[in-house]
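Inside the fold
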Amino acid sequence: MKPEQLETERTLILIKPDAIQRGLSGQILARFEKKGLKIVGLKMMHLKEAILREHYAHVVDRPFYEELAQFMSSSPVFAVCLEGQGAVDLVRRISGTSPDEFGTIRGDYSVSVQKNLVHSSDSPETAAREIERFFESHELFDYRKEEWKHVYAECDA
Ligand code: UDP
Ligand code: MG
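Residues numbered from 1 in each chain as written. Chains lettered and ligands numbered in written order. Predicted model: local features only at pLDDT ≥ 70, side-chain atom pairs only at ≥ 80, totals over all residues. Heavy atoms only, no water.

When its volume is computed, the largest pocket comes out at roughly 580 Å³. For the largest pocket, the lining is made up of 26 residues, of which Lys16, Tyr56, His58, Val59 and Arg106 are closest to its centre. Only helix H3 (49-55), helix H4 (65-72), strand E4 (118-120) and helix H7 (124-134) provide two or more residues apiece to the lining of the largest pocket. Among the elements that line the lining of the largest pocket, the one with the most residues is H7, at four residues. Here the residues of the lining of the largest pocket sort into six nonpolar, 10 polar and 10 charged. (1 Å grid on protein atoms, 1.4 Å probe; cavity = no way out; pocket = protein on both sides within 12 Å on 5 of 7 lines; lining within 4 Å. Points joined across faces, edges and corners; volume = space filled by probe spheres on them. Helix = DSSP H or I, 4+ residues; strand = E, 2+ residues; numbered from the N terminus. Nonpolar A, V, L, I, M, F, W, Y, C, P; charged D, E, K, R; others polar.)

Written out as structure tokens, the structure is:
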């Protein structure tokens, strides 16, 4: 399968402050890399109130929001844009949703519903908004990932 023949999509992850404090950011990123996903953007950011209110607008009225905002701004995060076939769903499944889902990042390394190491976009529409929220277009890179010819087969297209 030639890399340029693939139909791929992009998604966003945040490697949260707990992962950086616990020295797990490399291992977390490696899980996505090892599955064959392409890193098209990566940066370290210290998230402040405005971007957090926007990013967590769906939970801003929940009782845990203030604690969540404090946690997410307690130290920097890595924002990462990943690309691959069905990347949104794939990345969400590698991340996991609860600390009880063994075999996922959250399941294997976290016990908390808040300090859960990684954020991942939950739909293609959310992914598009979130990528734009965290990256300028010149911070995203189009390049050919040679490995993809060993990752995908023609019948996967
Ligand atoms: N969260 C929290 N307390 C809760 C539930 C969620 O602090 O009781 C945090 C947690 O860090 C989660 C984030 O709020 O990742 C966003 O919540 P959402 O329901 O969107 O979870 P996710 O999509 O990250 O699984
Ligand atoms: Mg969510």
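Attention now moves to the site of ligand 1. Around ligand 1, the neighbouring residues are Lys16, Tyr56, His58, Phe64, Leu68, Arg92, Arg106, Val113, Gln114 and Asn116. The contact in question runs from an oxygen atom of ligand 1 to an N or O atom on the side chain of Lys16, over 3.0 Å. At 2.9 Å, a side-chain N or O of Asn116 approaches an oxygen atom of ligand 1. Its free accessible area being 500 Å², ligand 1 has 76% of it covered by the protein chains. Partitioning the shell around ligand 1 into residue classes produces four nonpolar, three polar and three charged. (Near = heavy atom within 4 Å. Polar contact = N/O pair within 3.5 Å; in protein donor to acceptor, adjacent residues only side chain to side chain. Areas by Shrake-Rupley, 256 points an atom, 1.4 Å probe, with all protein chains shown as cover.)

Here we come to the pattern of salt bridges. Counting across every chain of the model gives nine salt bridges. Between Asp89 and Arg93 there is a salt bridge, with its nearest N and O atoms 3.0 Å apart. Separated by four residues within a single helix, Asp89 and Arg93 lie in helix H5 (residues 87-95), roughly one turn from each other. For Arg93, a relative accessible area of 53% gives the class exposed. For Lys145, the salt bridge is made with Glu147, and the minimal N-O distance between the two is 3.0 Å. Overlapping salt bridges, with partners in common, bring together Arg10, Glu83 and Asp142 in one network. (Salt bridge = Lys/Arg side-chain N within 4 Å of Asp/Glu carboxyl O. Buried < 20%, exposed > 50% of the residue type's maximum accessible area, 1.4 Å probe, protein only.)

In this section: the confidence of the model for the protein. Chain-level pLDDT for the protein is 97 on average; 98% of the residues reach the 70-or-more range. Across the protein, strand E1 (residues 9-15) holds the top mean pLDDT of 99, while helix H8 (residues 148-151) sits lowest at 95. (pLDDT = per-residue confidence, 0-100.)

This paragraph deals with the packing of aromatic side chains. Counted by the stated rule, this structure contains one aromatic pair. Ring plane angle 80 degrees and centroid distance 5.6 Å describe the contact between Trp148 and Tyr152, whose orientation is recorded as edge-to-face. In this structure Trp148 comes out as buried when scored by relative accessible area, which is 2%. Judged by its relative accessible area of 12%, Tyr152 is buried. (Phe/Tyr/Trp six-rings, centres within 6.5 Å; stacked < 30°, edge-to-face > 60°.)

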